[in-house]
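Descriptive analysis of the structure
Spelled out, the chains give:
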Amino acid sequence: MTNPAEELLDVVDAQDHVIGTAPRAEVYRKGLTHRCVFILVRDPQGRIFTHRRTDTKLFAPGAYDCFVGGVVGAGETYAGAAVREAEEELGVSGIRPVPLFKFLFEAEPLLSWWCDMYEARWDGPVSPQVEEVAWHGWLTEEELAQRLDGGEWDFVPDGREAYRRYLEHRSA
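Below, the structure is looked at part by part. (Residues numbered from 1 in each chain as written. Predicted model: local features only at pLDDT ≥ 70, side-chain atom pairs only at ≥ 80, totals over all residues. Heavy atoms only, no water.)

**Regarding the pairing of strand E3 (residues 34-42)**
Going by this rule: For every residue, the accessible area obtained with a 1.4 Å probe (protein chains only) is divided by the maximum for its type, and the residue is called buried under 20%, exposed over 50%, and partly exposed between those limits. The helix count covers DSSP runs of H or I at least four residues long, the strand count covers runs of E at least two residues long, and both are numbered beginning at the N terminus. Any two strands between which DSSP finds at least two bridges are classified as paired.
The element E3 is largely enclosed, with a buried count of nine among its nine residues. Judged by which residues are buried, E3 turns out to be covered on both faces: His-34, Cys-36, Phe-38, Leu-40 and Arg-42 on one side and Arg-35, Val-37, Ile-39 and Val-41 on the other are all buried. Examined bridge by bridge, E3 and strand E8 (residues 111-121) share nine bridges and lie parallel to one another. Note that in E8 the partner of Arg-42 across the bridge is Arg-121. Where E3 lies against strand E6 (residues 68-71), four bridges are found, and the strand directions are antiparallel. Each bridged residue has a counterpart across the sheet, and for Phe-38 the counterpart in E6 is Gly-69.

Printed below as a string of structure tokens:
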């Protein structure tokens, strides 16, 4: 796919049932509910892969995120998208995301998508996709919390909400 705006996505309802398909640009413009995957990737020391999105991204250009992931293509499974997105963004092969939970993210204006959450461990080198990742590093939970809470970095809103829910899920 040369133009991400043309990628076909499944449009879903409030129960995550597919009700149609549309190009990503139309989905974003109309605020149609679709599907995304989020993978929290840790290294052997437990640090979290964190990155700054490129300025060319359709959603939240230049913002920071502590998840790799993205939209689920039309007809694609969440699990398949989790592996594909993690491998593409990290530039690796053989990652095994473990499913955690799912939630519906909604925010104004016109943001609505199902988020299927995963966690993965990676102990090798990464070579992040230059079209997706402008900067990356491995942060401890304390370093990440400082940047999230201190307003030091502009984080993607869905990633911020997903990490909050991840911490709740882990402590439950």
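Now that the structure has been shown, the text picks up again.
**Details of the pattern of salt bridges**
Two side chains of opposite charge can pair, provided their charged atoms sit close to one another. Formally: We count a salt bridge whenever a side-chain nitrogen from Lys or Arg sits within 4 Å of a carboxyl oxygen from Asp or Glu.
Overall, the coordinates contain 16 salt bridges when judged by the stated rule. Its salt-bridge partner being Arg-24, residue Glu-7 comes within 2.5 Å of it at the nearest N-O pair. Of this pair, Glu-7 sits in the segment before strand E1 (8-12) while Arg-24 sits in helix H1 (residues 24-30), and the two are 17 residues apart along the sequence. A single burial state applies to Glu-7 and to Arg-24, both of which are buried. Among the ionic pairs, Lys-57 bridges to Glu-132, the shortest N-O distance being 2.4 Å. With a gap of 75 residues between them, Lys-57 in the loop between strand E4 (48-53) and strand E5 (64-65) and Glu-132 in the loop between E8 and strand E9 (133-139) connect regions that are remote in the sequence. Judged by its relative accessible area of 19%, Lys-57 is buried.

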